[in-house]
Amino acid sequence: MTDVNLKDTDWQLVINQITDEVKPLLQHGKVADYIPELANVDSNSFGISVSLLDGREYTCGDAQMKFSVQSISKVFSLTKAFSILQDDLWKRVGKEPSGNPFNSLIQLENENGKPRNPFINAGAIVVADCVVSHTEDSLNTIINFIRELAGNKDIKMNHAMFRSEKAFGHRNAALAHFMKSYGNIESDVDEVLDFYFGHCSLSMSCEDVSRAFLFLANHGIHPISKRRYLTASQAKRINSLLLTCGTYDAAGDFAFRVGLPGKSGVGGGIAAIIPGLLSICVWSPGLDKHGNSLTGVKALELFTTKTGISIF
Ligand code: GLU
């Protein structure tokens, strides 16, 4: 990163070029439909938003369009849980890549109900339990927290998405009950699942998401509000987990191609950060076989290639 002259980087030009270059890919991904409501989206959409720590913002394409953030929201609930439980959190959830699909039950039995990491569904459900067990009115608490991070009071849950997730979330219910049997869920399972489905059902734009991730690019302090959300060490740990576990069981391929910590969701969004510089969000609903936005990964790969900036 040191041999790149940041002053010479024309961020708008870079993301305009990327938006043009990825267009032919839009038809190749497959929109998720295991939550039926997720399929109600235009697969041709593509948005990109870059937020710099100095307050500059650059957007292109459908960057203002709201999409279902899904697993990206796991980063916000993890931030909340980590700031509440501190390192005790890691007694209940691990820090290793799982190498299994995000909703797999297999590992959990062998590992006595302790999920491998906070980004697979089982791990995010334990994190959800931590938040539910330690906050009043948990769902509103997390929504307000995300609104504050994004600087947008209009961020809302999509109720149709929430109902669809709840109606078809049998695997997540199975994971939660299974972990309860090991004593790794403290609160009422339905309450925990409602919280989990609730934050996954939030609708946000690329612009919202890139702003909301800025604190992770700035050692835990949001550069605009100057509020500290995590210690520098905690922010480092979340970023490390994003790099190793943030993009399903393709985290190795993502790190290889993009070279940034990032979190994807089955709604087609991917958020990533460059420590000390910026956060970025891309969105395109067509997914690859691992559940990452096919065009989104390519766009991020082009971003780090064209700018010459990554964490390596
Ligand atoms: N709410 C989704 C689920 O639990 C999140 C999946 C994802 O984005 O990875 O299945």
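This text follows the structure it describes.
Residues numbered from 1 in each chain as written. Predicted model: local features only at pLDDT ≥ 70, side-chain atom pairs only at ≥ 80, totals over all residues. Heavy atoms only, no water.

1. A look at the pairing of strand β8 (residues 269-274)
Item 1. The buried count for β8 comes to six of six residues, which makes it a mostly enclosed element.
Item 2. Taking every second residue as pointing to the same face, both faces of β8 are buried, with G269, A271 and I273 on one and I270, A272 and I274 on the other.
Item 3. Between strand β7 (residues 262-264) and the antiparallel strand that follows it, β8, lie four residues; G268 among them carries a positive phi value of about 100°. (Buried < 20%, exposed > 50% of the residue type's maximum accessible area, 1.4 Å probe, protein only. Helix = DSSP H or I, 4+ residues; strand = E, 2+ residues; numbered from the N terminus. Pairing = 2+ DSSP bridges.)

2. What about the sheet that holds strand β9 (residues 278-283)?
Item 1. Ordered in space as β3-β2-β9-β8-β7, the five strands form an open sheet in which the pairing is antiparallel. At either end of the open sheet lies a strand with only one pairing partner, and these are β3 (57-61) and β7. Across the sheet, the mean angle from the axis of one strand to that of its neighbour is 10°, orientation sign disregarded.
Item 2. Alignment of strand β2 (residues 47-52) against β3, held across five bridges, turns out to be antiparallel. Counterpart to I48 in the pairing with β3 is C60. (Axes fitted to C-alpha atoms, helices over the stretch in contact; angles between N-to-C directions.)

3. So, the pattern of salt bridges
One side chain can pair with another of opposite charge once the charged atoms of both are near each other.
Item 1. Counting across every chain of the model gives 16 salt bridges.
Item 2. With a shortest N-O distance of 2.8 Å, K66 and D208 are connected by a salt bridge. One end of the pair, K66, is in the loop between β3 and β4 (67-68); the other, D208, is in helix α9 (residues 206-212), and 142 residues separate them in sequence.
Item 3. Judged by relative accessible area, K66 falls into the partly exposed class, the value being 37%.
Item 4. Where R116 meets E111, a salt bridge forms, and the shortest distance between an N and an O atom there is 2.8 Å.
Item 5. Given the relative accessible area of 26%, R116 is considered partly exposed.
Item 6. Its relative accessible area of 28% is what places E111 among the partly exposed residues. (Salt bridge = Lys/Arg side-chain N within 4 Å of Asp/Glu carboxyl O.)

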